[in-house]
Amino acid sequence: MSIGIWQIVIIVILVVLLFGRGKISSLMGDVAKGIKSFKKGMASDVDDNEPKNISDNNQNNNNQDSNNKE
């Protein structure tokens, strides 16, 4: 048994009646803020831990190797 379009419409109508348009829109705004802050946090973690370019990492390793040989 699959969910049809009419069942989805009825569920949406019930949710809107229970929570109201204002509460749903504020909830969606909160979800959007959470997603933005999550993406910002993930981007800052990547910048802190990993080099931006693989070639930069290789050059740094080569410089360290040459310094160690001397």
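These numbers were taken from a predicted model, which means no experiment stands behind them.

Caption draft 1: Quick look at the overall build of the protein chain. Across its full length, the protein chain holds two helices and zero strands. Relative to its full complement of 70 residues, the protein chain shows a buried share of 0%. Of the roughly 6800 Å² of accessible surface on the protein chain, a fraction of 60% belongs to carbon and sulfur atoms.

Caption draft 2: Local environment of a nonpolar patch on the surface. Nonpolar side chains collect at one region of the surface, where I5, W6, V9, I10, I13, L14 and L17 lie side by side and expose about 780 Å² of accessible area between them. In this structure, I10 sits in helix 1 (residues 5-49).

What counts, and at which threshold
Per chain, the residues get numbers from 1 upward, laid out in the order the sequence is written. The predicted origin of the model limits local features to residues at a pLDDT of at least 70 and limits the giving and counting of side-chain atom pairs to 80 or more, whereas totals for whole chains, interfaces and linings rest on all residues. Working from all heavy atoms in the structure, the side-chain values ignore hydrogens and water. Helix and strand assignments follow DSSP, with helices taken as H or I runs no shorter than four residues and strands as E runs no shorter than two, numbered in order from the N terminus. The buried label applies to any residue whose accessible area, calculated with a 1.4 Å probe on protein chains only, is under 20% of its type's maximum; exposed applies above 50%, and partly exposed to all values in between. What sets the accessible areas is the Shrake-Rupley method with a 1.4 Å probe; for residues, cover comes only from the shown protein chains. Patch membership requires over 30% relative accessible area and the absence of a salt bridge. Like charges are linked within 9 Å, and nonpolar side chains (Val, Leu, Ile, Met, Phe, Trp, Tyr) within 5 Å. Think of a salt bridge as a Lys or Arg side-chain nitrogen and an Asp or Glu carboxyl oxygen that are within 4 Å of each other.

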